[in-house]
Amino acid sequence: SACQRADKIIAVSQQTKQDIIDFFCIPEKKIEVVYQGCNSIFHHKLSDNIKQKIEEKYNIPKDYLLSVGSIEERKNLLTILKALKKIPNQKLVVIGKGKAYKTKCLRFISKHRLNNRVLFLSNLKVNEMAAIYQNAQILIYPSIFEGFGIPILEALFSKTPVITSNEGCFTETGGTYTKYINPLSVLQMTDAILKIL
């Protein structure tokens, strides 16, 4: 109803524009794509001293992979955990909240004895997130569906390599300097992580 009544619709990606056309039969000329940005703190390198204080505050390991986003089925944390299992001693920091799907992930972590290799964080300040992005080895963002994928942008501005999904809006956000994989392939994800490392 809102799409039909609106004079103009702003979509955050070409993918979202196409979804509005396909799902709601809205004329293309009515929709304009305006890409999202991210907080300007991600554009600037934080001092080593600030980053070290934040790492100490949250007991963050020296080398780690990073996952950012709500912990739900479409964000696909379980595939990251399956890849982590195949890379001995590798650590993972997860920023986000979750309920039922997080419980499923926690069961997998416990079953495969990954407890000391996965750290969950939430309710962080934006400068703390920026520090964690900047110190991460890789952001892994294997989401099944998004409108844009701001964590990809945050990582790229942080000079952190990105692995993300090869379909949907992700190539719009990630551009040339991102590694694209089938988000459900543990093998592709593991290979991508090892190549970037």
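As a reminder, the structure under discussion sits directly above these lines.
The model shown is predicted, which means the values in this text are computed figures rather than measured ones.

Calculation criteria
- Residues numbered from 1 in each chain as written.
- Predicted model: local features only at pLDDT ≥ 70, side-chain atom pairs only at ≥ 80, totals over all residues.
- Heavy atoms only, no water.
- Helix = DSSP H or I, 4+ residues; strand = E, 2+ residues; numbered from the N terminus.
- Rg over C-alpha atoms; globule rule 2.2 N^0.38 Å.
- Contact = heavy atoms within 4.5 Å.
- Areas by Shrake-Rupley, 256 points an atom, 1.4 Å probe, with all protein chains shown as cover.
- Lys, Arg positive; Asp, Glu negative; His and termini not counted.
- Charge placed at Lys NZ, Arg CZ, Asp CG, Glu CD.
- Polar contact = N/O pair within 3.5 Å; in protein donor to acceptor, adjacent residues only side chain to side chain.
- Buried < 20%, exposed > 50% of the residue type's maximum accessible area, 1.4 Å probe, protein only.
- Arc of directions from axis to C-beta.
- Pairing = 2+ DSSP bridges.
- Axes fitted to C-alpha atoms, helices over the stretch in contact; angles between N-to-C directions.

A. The arrangement of the overall build of the chain in detail. Secondary structure assignment for the chain yields 9 helices and 8 strands. Against the compact-globule benchmark of 16 Å for 197 residues, the chain has a radius of gyration of 18 Å, which places it among compact chains. Here the analysis covers contacts within the chain between residues at least 6 apart in sequence; of these, 65% occur between residues at least 24 apart. In the structure as shown, the chain presents an accessible area of about 10700 Å², 52% of it carried by carbon and sulfur atoms. In the chain, 28 side chains carry a positive charge and 17 a negative one; their mean positions are 8 Å apart.

B. How the structure looks around the side chain of Ser-158. Mapped onto the secondary structure, Ser-158 falls in the loop between α7 (150-157) and β7 (162-165). In terms of polar contacts, Ser-158 uses its side chain to reach the backbone carbonyl oxygen of Glu-154, at 2.7 Å.

C. Representation of helix α9 (residues 186-196) in the model. Those residues of α9 lying buried are Val-186, Met-189, Thr-190, Ala-192 and Ile-193. Buried residues of α9, viewed axially, fall in a sector of 165°; they line one side. More than 90 degrees from the buried face of α9, the exposed residues found are Leu-187 and Lys-195. At its buried positions, α9 is contacted by β3 (65-68), α4 (77-85), β6 (138-141), β7 and β8 (179-181).

D. Spotlight on the sheet that holds strand β4 (residues 92-95). Taken in spatial order, the 6 strands line up as β5-β4-β3-β6-β7-β8 in an open sheet, and their pairing is parallel. With one partner strand each, in any of the chains shown, β5 (118-121) and β8 form the two edges of the open sheet. Geometrically, the sheet is characterised by an average inter-axis angle of 25° between neighbouring strands, direction not taken into account. As judged from the 2 bridges shared by β3 and β6, these two strands associate in the parallel manner.

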